[in-house]
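Structural characterization, general
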Amino acid sequence: MRLRNIPGSRETIANSSWCVQQPEQTKGHWQELFGSNHPIHIEIGMGKGQFIMTLAARNPHINYIGIEKYSSVLLRGLQKMEEQPLDNLRFIRMDAETIVEIFDKYEVERIYLNFSDPWPKDRHAKRRLTSREFLARYHQILAPEGQVEFKTDNASLFDFSLEEAAQAGWRLTAVTRDLHHDASLNEGNIMTEYEERFSALGNPIHKLIAMR
Ligand code: SAM
């Protein structure tokens, strides 16, 4: 998701107490930041934040961190947080490529990836958030029973993700090519902005859950 640059968005984020400014300094201490020992779940590429904010409101016993690369996109989530604050949610503006500098071994219990950018050119495959390079990063920060949950309407990216998970030795505990017609996996499903848009066009939504 690329929105046109919004002047002042970087400054707003830099001055917001909902955004963690130097997240590498909190490595190994995220529960202290939240003031509770609740599990940490993160979303990478949260966009405008509809998914993670709904999750956080529903699950006060879990601490959530939303990660987004672009200030202009994250700003939308921040504006919603100002209107409806959630104590168990924080944001980080960063490229997730350096995620291992932010979280310690076993510090994260779940990673959500929703409608991640497909990066269709082969030479950009390692930028895909389900590539073996990213899975290796997730392996470093996820708890032993931790899981990655991935949704997309992009069948090629989904096929790629299944192959990468298998190649990296991850176990698939759930796979569907039509989430909205899978009664058990769809139970409690929270739609993202992209999910609403693409399912309204009739695109089936794919989902996988992977563990090591
Ligand atoms: N998850 C949202 C949804 O489903 O509505 C947004 C989907 S949008 C296609 C993908 C988002 O991921 C964009 O906002 C993009 O900036 C962000 N993103 C892509 N690569 C990223 C990375 N390496 N680190 C952090 N955010 C990233």
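Just so it is clear, the structure is predicted and the values come from calculations on it, not from any experiment.

With that settled, consider the pattern of salt bridges. Tallying each qualifying case throughout the model produces six salt bridges. The residue Lys 80 makes a salt bridge to Glu 193 at a minimum N-O spacing of 3.5 Å. In this pair, Lys 80 is assigned in helix H4 (residues 71–83) and Glu 193 in helix H8 (residues 193–200), connecting sequence segments 113 residues apart. Note on Glu 193: relative accessible area 18%, which makes it buried. The residue Glu 164 makes a salt bridge to Arg 132 at a minimum N-O spacing of 2.7 Å. Taken together, the residues span a long stretch of sequence, with Glu 164 in helix H6 (residues 155–167) and Arg 132 in helix H5 (residues 132–141) at a distance of 32 residues. Here Glu 164 falls in the buried class, since its relative accessible area comes to 5%. When salt bridges that share partners are traced, they join Arg 110, Glu 149 and Lys 207 into one network.

The grouping of Lys 121, Arg 123, Lys 126 and Arg 127 at the surface amounts to a positive patch. By the element assignment, Arg 123 lies in the loop between strand E4 (108–114) and H5. For Arg 123, a relative accessible area of 63% puts it in the exposed group.

Reading the values: rules and limits
Residue numbers restart at each chain and count upward from 1, following the sequence in its written direction. The predicted origin of the model limits local features to residues at a pLDDT of at least 70 and limits the giving and counting of side-chain atom pairs to 80 or more, whereas totals for whole chains, interfaces and linings rest on all residues. Note that water and hydrogens are dropped before the side-chain values are worked out from all heavy atoms of the structure. By salt bridge we mean one thing: a side-chain nitrogen of Lys or Arg within 4 Å of a carboxyl oxygen of Asp or Glu. Only DSSP runs of H or I covering at least 4 residues are called helices, and only runs of E covering at least 2 are called strands; the numbering of each starts at the N terminus. Exposure categories follow from relative accessible area, calculated using a 1.4 Å probe and restricted to protein chains: below 20% of the type maximum is buried, above 50% is exposed, and the middle band is partly exposed. For patch building, the residue pool is restricted to those with more than 30% relative accessible area and no salt bridge; the joining distance is 9 Å between like charges and 5 Å between nonpolar side chains (Val, Leu, Ile, Met, Phe, Trp, Tyr). Note on areas: Shrake-Rupley with a 1.4 Å probe; residue coverage comes only from the protein chains shown. Only four residue types enter the tally: Lys and Arg on the positive side, Asp and Glu on the negative side, with His and both chain ends excluded. To locate a charge, the coordinates of NZ of Lys, CZ of Arg, CG of Asp or CD of Glu are taken.

Geometric descriptors of this kind do not, in isolation, establish any biological role.
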